[in-house]
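# Architecture at a glance
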Amino acid sequence: MKIALINENSQAAKNEMICSALKKVVEPMGHEVYNYGMYTAEDECQLTYVQVGILAAVLLNSGAADYVITGCGTGEGAMLACNSFPGVICGHVEDALDAYTFAQINDGNAIAIPFAKGFGWGGDLNLEYIFEKLYAEESGQGYPKERVVPEQRNKKILDEVKTVTYRRLPEILKDLDQELVKGALSGEKFSEYFFENCKDEEIASVVKEILGL
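Residues numbered from 1 in each chain as written. Predicted model: local features only at pLDDT ≥ 70, side-chain atom pairs only at ≥ 80, totals over all residues. Heavy atoms only, no water.

With four bridges connecting them, strand β1 (residues 2-5) and strand β2 (residues 32-35) associate as parallel partners. The residue bridging alanine 4 from the neighbouring strand is tyrosine 34, located in β2. (Pairing = 2+ DSSP bridges. Helix = DSSP H or I, 4+ residues; strand = E, 2+ residues; numbered from the N terminus.)

It is worth spelling out the pairing of β1 at this point. Note that the unit made of β1, helix α1 (residues 15-26) and β2 has a crossover that is right-handed. Across three bridges, the pairing between β1 and strand β3 (residues 67-72) is parallel. In the sheet register, leucine 5 faces β3, and the bridge partner there is isoleucine 69. (Right-handed = clockwise from strand over helix to strand, strands pointing away.)

Roughly 160 Å³ of internal volume is contained in the largest pocket. What lines the largest pocket is simply Met1, His31, Tyr67, Ala103, Asp107, Gly108, Leu134, Tyr135, Glu137, Glu138 and Ser139. Broken down by class, the residue content of the lining of the largest pocket amounts to five nonpolar, three polar and three charged. (1 Å grid on protein atoms, 1.4 Å probe; cavity = no way out; pocket = protein on both sides within 12 Å on 5 of 7 lines; lining within 4 Å. Points joined across faces, edges and corners; volume = space filled by probe spheres on them. Nonpolar A, V, L, I, M, F, W, Y, C, P; charged D, E, K, R; others polar.)

Here we take up the packing of aromatic side chains. For any two aromatic rings, the description comes down to two numbers: the centre-to-centre distance and the angle of the planes. Scanning the model with the defined rule gives eight aromatic pairs in all. Ring plane angle 75° and centroid distance 5.3 Å describe the contact between tyrosine 67 and tyrosine 135, whose orientation is recorded as edge-to-face. In this pair, tyrosine 67 is assigned in strand β3 and tyrosine 135 in the loop between α5 (123-134) and α6 (148-165), connecting sequence segments 68 residues apart. Judged by relative accessible area, which is 8%, tyrosine 135 ranks as buried. (Phe/Tyr/Trp six-rings, centres within 6.5 Å; stacked < 30°, edge-to-face > 60°. Buried < 20%, exposed > 50% of the residue type's maximum accessible area, 1.4 Å probe, protein only.)

Now for the state of the cysteines. This structure, assessed with the given rule, holds zero disulfides. As a non-bridged cysteine, cysteine 82 has cysteine 90 as the owner of its nearest cysteine sulfur, 4.3 Å distant. Judged by relative accessible area, which is 0%, cysteine 82 ranks as buried. Counting only cysteine sulfurs, cysteine 82 is the nearest neighbor of cysteine 198, a cysteine outside any disulfide, at a range of 18 Å. (Disulfide = S-S within 2.5 Å.)

Attention now moves to the nonpolar core. In terms of nonpolar packing, the biggest core is built from 45 residues, with Ile6, Tyr36, Val58, Leu59, Leu185, Phe190 and Phe194 touching the most fellow members. Those residues within four positions of phenylalanine 190 in sequence are excluded, and the remaining contacts are Tyr36, Leu55, Val58, Leu59, Leu185, Phe195, Val207 and Leu211. If you look at the next biggest cluster of nonpolar residues, it comprises 25 residues, including Val26, Val33, Tyr67 and Leu134. (Core = buried A, V, L, I, M, F, W, Y, C linked by side-chain atoms within 4.5 Å. Contact = heavy atoms within 4.5 Å.)

With respect to the helices and strands, the residue threonine 70 is situated in strand β3. Discounting chain neighbours no more than four positions away, the residues touching threonine 70 are Ile6, Val52, Ala78, Cys82, Ile111, Ala112, Ile113 and Phe115.

So, in structure tokens, the structure goes:
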């Protein structure tokens, strides 16, 4: 699994610590981590939580990433921005129980973590526990186990609803403010990681046009 890490500007200083915790847990499981930044608070590319949603949608819809780990001060803004787009089901996760139940019941592909609110002593350990439970088992297996059938049915219904209530991502990207989108896709390593892993030629073409490549 390709896991993308995205930090917005208010919590960019924590990127190295978050990335380290993520890699420590998931790389022994055989997953790959792609750190899309922000890497420091002083990065030239400054991502707002709205731009986090744009970037997450591009990565997930194109197949460049299978899962997105993101967040902001409270985690709420990043979650709302991610869920504004098709192909993204983002949960708000504060602890290991949130991570496990979201994975097993809701079977999403992104989580938003509060990296400021309640993030004190032991915050790095809490992140490790979150990542451990998020990927502890194949997602979508239900919790409790006797609820697996209705929960999987509800997830399928949600996926079908989202195909009706959202437009296609290439159309959305073209209609959004182009400077807003370009800013979301201008991170230091975006082009390197994205074009290496993108599986959707149409989205890749739109991204190249937006970036002037």
